[in-house]
Amino acid sequence: MNIIVLVKQVPDTAEVKINRETNTLIRDGVPSIINPFDMYAIEEALRLREKHGGKVTAVTMGPPQAAEALKEAVSLGVDEVVLLSDRAFAGADTWATSYVISQGIKKIAEYELIIAGKQAIDGDTAQVGPETADMLGIPFVAYIKKIEQIDGNKMLAERLMDEGYDVVETSLPALITVVKEINQPRVPSLKGKMKVKSLKVTSWNAKDIGADDSKCGLKGSPTKVVKIFPPAARGQREVLTGSMEDQITAVVSKLREQSFI
Amino acid sequence: MDYLLTEEQIMIRDLARQIAVEKIVPIRAELDEQNKFPTDIMQALAQADLFGIFIPEEYGGLGKQSLELCIAVEELSKACVGVSTSYAANALGTYPILLHGSDAQKKKYLPHIATGKKLVAFGLTEANAGSDASGVQTTAKLDGSEYVLNGTKQWITNGGEAELYTIIAITDKAKGPRGASAFIVEKGTPGFTFGKKENKMGIRASSTTELIFNNCRIPKENIIAKEGMGFIIAMKTLDSSRTGVGAQGVGVAQGAIDEAIRFARQRIQFGHPITSFQAIQHMLADMQTQTEAARALVYSVARFIDSGAKDVSRASAMAKLFATDVAMKVTTDAVQVMGGSGYMKEYPVEKMMRDAKILQIYEGTNQIQRNVVALDMIKDASRAK
Amino acid sequence: MSVRVVSDKCTSCESCVTACPFGAIEMRDGKAFITEACTMCGACVEVCEFKAIEKIDESTAAAADLSAYKGVWVFAEQHKGGIASVVLELLGEGRKLADKKRTKLSAVFIGHSIKDKAQDLIAHGADIVYVADDPALKDFNDDSYAAILTTLARQHKPEVILAGATAIGRSFFPKVASSLYTGLTADCTALDIEAENGHLHQTRPAFGGNIMATIVTPNHRPQMATVRHKVMKPAPRDDSRTGDVIDVRYTQSGNPRTKVIKTVEEIGETVNICEADIIVAGGRGLGSAKNFALIAELAKVLGGAVAATRGAVDEGWVPYPHQVGQTGKTVCPKLYIACGISGAIQHVAGMQSSEVIVAINKDPDAPIFNVATYGIVGDVHEVVPIMIKKIKEMRG
């Protein structure tokens, strides 16, 4: 099976802090990591390769430093990696990102399954998966928590819904996004890490993938960010005084006043 | 302190550390309480290629040596000595094949060991043969194209979990120390069963059982080297693995220090964190200094062994006895630093103290190690006229 | 559009360097320099006291005539014929937007045997309901639902389409946006019409909730957005309202590429926490599964649901469906009591829009106190039992 995994390098938002005085993000020393949900995608791809044989290729769109995320994917066992990088891609929203990624995938050409993580922890939109599937003209199923079987060109899988799950059958090739319940990602292997040392990451620019400049990056993005601001400080904050017993009494009274009790 | 590790040694260290933190720490208390073998962790170690560190590349390993193995063992021991024992005992069981096995045997077994597909155990100890290895009574009698094994091994690490067992048995009683031989026995061979799992003070994640041989027939090709080589193979095996035990000592000691200082920083008594009291500061300083000395000794001896030196017994004995004595003292002190909390199972140091004890006992008690060192010193002195 | 530094005005204060969420500004030769990592978000422009950074608008190609697009639409999600509660909130918000634009509010209703419920949508504010009622549409299917909505949108050219950020919404809505080559903003917490140019301003959290971003789709239509449940106010019901119900014929083209073989409902013994008005949540600070029972008790006494941080779920004290936070659920209850929770940003991102937040933590510097309405500094093991006692006393 030829499997493509979509990967994104993101700042570790768990480490991002707000400077309370200026209300701006403190990015110093915030490490860049593989989007946590993508780790589950990579793991599932590797397991499918172990079961069905074949090849796993990781693809990412990003600036040159995104190659680090691809190297980490190789240390986990991914066979090949492709970096889609070009100044023209910068500032892309989900539509323009999906466009570039689908162009890159069209160049890779051979695949039965594309796996992506549920969402990226910086953008949180969960849109690139479905939009890319649409641009490739392949079926899309979201929130897969278990792949039951793959038979020829059909896949049977469990899709997480709000109050349970569906068992869905889809034709292949298809694009799926996966949730954490699907597996436990592995740690890198020494052989994988050693492979990274001599690895040259394949990088394709707009011309290589036949991308129309007007559809890439900021230019190609239907949405634009017009403003960034800190979240509103939560209103009424009460500092309670007195012994712990007094404080608890005060809180309980307030909850009573507000009809919670 | 920087030990000037190579890029690859750092890679091994960081990967072992990642597994320790992500996979071992969260479940170590449970493994300890339930006497449970860490199957999932063994799988993670296998998949990370850590079982192949010291196996030559031609057999699917990474072709590294003692120092690399020590680095991995140290990191795993910081998290749990029960797990690192299961991992290190694998090396112990492999050395007979690695150091003395035929090409055919290496080709047959080493690749599976490198991938972690088959775990290994080393079977020397018996009820009457602990420090006195010559007391081995398990016999191996040649009968046509097979050897027949009879006897019982005691307290064997990875017993029941390993697929491969390297066993020392007597082939010719009359020849005394030259009458023992080493064999490879596979799990499932008829006549080879396991006794119950021991209920231990510490390293409870590690599986310790009896190995029972009752007219167990193995192909005669399963003898390692030739008849009479048994004790030499055993001694060389133990020489090679002593630094690993030393590394376990260094690891558990460091793990205990890290826990103790973390606790002490936030424990407030008399209006101050207890780290502000000299008594605690001095204890911590001594703990770290001793551990650092142990680490420096273990690494130096590992490098010495890896350089191909012939006569490594004294050095490896020193590394083992020093680092493990340090580990016992440091883990005990860690409990003391943490006071009542250190005594509670809620915190990991009481387990570390229980785990550390075995390091002074197995793979040659520290008393035997002292014998080795002294005898070697005396031999040297008698030569130097 | 580009962002550039006016060097003479730059005083090297480096405020922009720290303000940039993408790390795209560095100091070169003592002046701020914007690298190619810039996404033109404008955060630096806002923060520069010396007006040394400016945004230059090089207009992009204008899309087709935008004035042809009129109307606010809402995707009326249904489960087994019942209208999803988020739809009422969408109608409430949609009504406000439609009124500002002096245009109609429509609902797109897809399913089987749902026609009689169209009236409910009208009662909650819809002027028009497009109903696609067909046996083949009984179960949610990405392809067919997206095809219907896309076709309708192409036909009737709405200006805005809203959908709930539910499993279904997040699954097929992006496909529609992609087919229509238009912008989609997910998980909006606020929607508004900009007075000057009539654009829909879509505000949403980013970077795990560390910052808010306002996004527009200036040159493409329709402007699409998803909204999470319990973020907006539901529309009131007015049975006197009238509206048009328009039948939409659905013809299945070819075999569906995906189909639902079966649906398994997992009815836990607890309420779906996203629906709860009161939530009591526990974190690692509780120390053990046994102590976590305190959370369940307090929740029971208040008639609320139990939730947990990722830390508590990872420890195995409570199952994953109860996890609140970036990689769990986002909740917006009226009351959220955070017990033994430090307030790491990934957790806060999932609960910060709760109306009233009570925090209990023994560390006075815990970040949770920055979002709490009422904070009690104390050991959760002592505070919670006392709180339970006092609540019971108060009830008498």
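Residues numbered from 1 in each chain as written. Chains lettered and ligands numbered in written order. Predicted model: local features only at pLDDT ≥ 70, side-chain atom pairs only at ≥ 80, totals over all residues.

**Observations concerning the domain arrangement of chain C**
Residues and elements named next belong to chain C.
Moving on, step 1. As assigned here, chain C comprises domain 1 (2-56), domain 2 (66-247) and domain 3 (273-395).
Moving on, step 2. Inter-centroid distance (C-alpha atoms) of domain 2 to domain 3 is 33 Å.
Moving on, step 3. At the interface, nine residues of domain 2 touch ten residues of domain 3.
Moving on, step 4. The residue makeup of the side of domain 2 that touches domain 3, split by class, is two nonpolar, five polar and two charged. (Domains from an automatic or database assignment. Contact = placed C-beta atoms within 7 Å. Nonpolar A, V, L, I, M, F, W, Y, C, P; charged D, E, K, R; others polar.)

**Focus on the pairing of strand β4 (residues 164-170) of chain B**
Residue and element names in this part refer to chain B.
Moving on, step 1. Here β4 lies mainly inside the structure; seven of its seven residues are buried.
Moving on, step 2. Burial of the side chains of β4 extends over both faces: L164, T166, I168 and I170 are buried on one face and Y165, I167 and A169 on the other.
Moving on, step 3. For strand β1 (residues 120-123) and β4, the ladder comprises four bridges, and the chain directions are parallel. In the strand pairing of β4, F122 is matched with T166. (Buried ≥ 20, exposed ≤ 12 C-beta atoms within 10 Å, placed from the backbone. Helix = DSSP H or I, 4+ residues; strand = E, 2+ residues; numbered from the N terminus. Pairing = 2+ DSSP bridges.)

**Description of the interface of chain A and chain C**
Moving on, step 1. Taken residue by residue, the interface counts 79 residues in chain A and 85 residues in chain C.
Moving on, step 2. Looking at the side of chain A that touches chain C element by element, the count peaks at nine residues for helix α7 (residues 244-257) of chain A.
Moving on, step 3. Residues belonging to the side of chain A that touches chain C are distributed by class as follows: 38 nonpolar, 19 polar and 22 charged.
Moving on, step 4. Bridge analysis of strand β11 (residues 164-171) of chain A against strand β17 (residues 258-265) of chain C gives seven bridges, and the strand direction is antiparallel. Among the inter-strand pairings, E169 of chain A is bridged to a residue of β17 of chain C, identified as K259 of chain C.

**Notes on the sheet that holds strand β9 (residues 140-151) of chain A**
Moving on, step 1. Strand order in the open sheet formed by ten strands is β13(A)-β7(A)-β6(A)-β1(A)-β8(A)-β12(A)-β9(A)-β10(A)-β11(A)-β17(C), and the pairing between neighbours is mixed. One side of each edge strand has no neighbouring strand; the edge strands of this open sheet are β13 (202-204) of chain A together with β17 of chain C. Each neighbouring strand pair of the sheet contributes to a mean axis angle of 30 degrees, computed without reference to strand direction.
Moving on, step 2. Two elements, strand β8 (residues 113-117) of chain A and strand β12 (residues 174-178) of chain A, share five bridges in a ladder whose sense is parallel. Looking across to β12 of chain A, one finds that A116 of chain A is bridged to T177 of chain A. (Axes fitted to C-alpha atoms, helices over the stretch in contact; angles between N-to-C directions.)

**Quick word on the domain arrangement of chain B**
Residue and element names in this part refer to chain B.
Moving on, step 1. Looking at chain B, the domain boundaries give domain 1 (7-119), domain 2 (121-229) and domain 3 (231-383).
Moving on, step 2. Contact with domain 1, which involves 24 residues of that partner, is made by 23 residues of domain 3.
Moving on, step 3. Those elements that provide at least two residues to the side of domain 1 that touches domain 3 are α2 (28-34), α4 (66-79) and α5 (81-100).
Moving on, step 4. No other element matches α4, which puts eleven residues into the side of domain 1 that touches domain 3.
Moving on, step 5. Broken down by class, the residue content of the side of domain 1 that touches domain 3 amounts to 13 nonpolar, six polar and five charged.

**Considerations on the sheet that holds strand β15 (residues 223-227) of chain C**
Residue and element names in this part refer to chain C.
Moving on, step 1. Spatial ordering of the open sheet is given by β11-β15-β10-β5-β8-β9-β16, a layout of seven strands whose pairing is parallel. The outermost strands of the open sheet, each flanked by one partner alone, are β11 (184-188) and β16 (244-247). Averaged over all neighbouring strand pairs, the angle between strand axes comes to 20 degrees, with direction disregarded.
Moving on, step 2. Running at roughly 150 degrees to strand β8 (residues 105-111), helix α5 (residues 142-156) makes contact with β5 (72-76), β8, β9 (128-133) and β10 (160-164) of the sheet.

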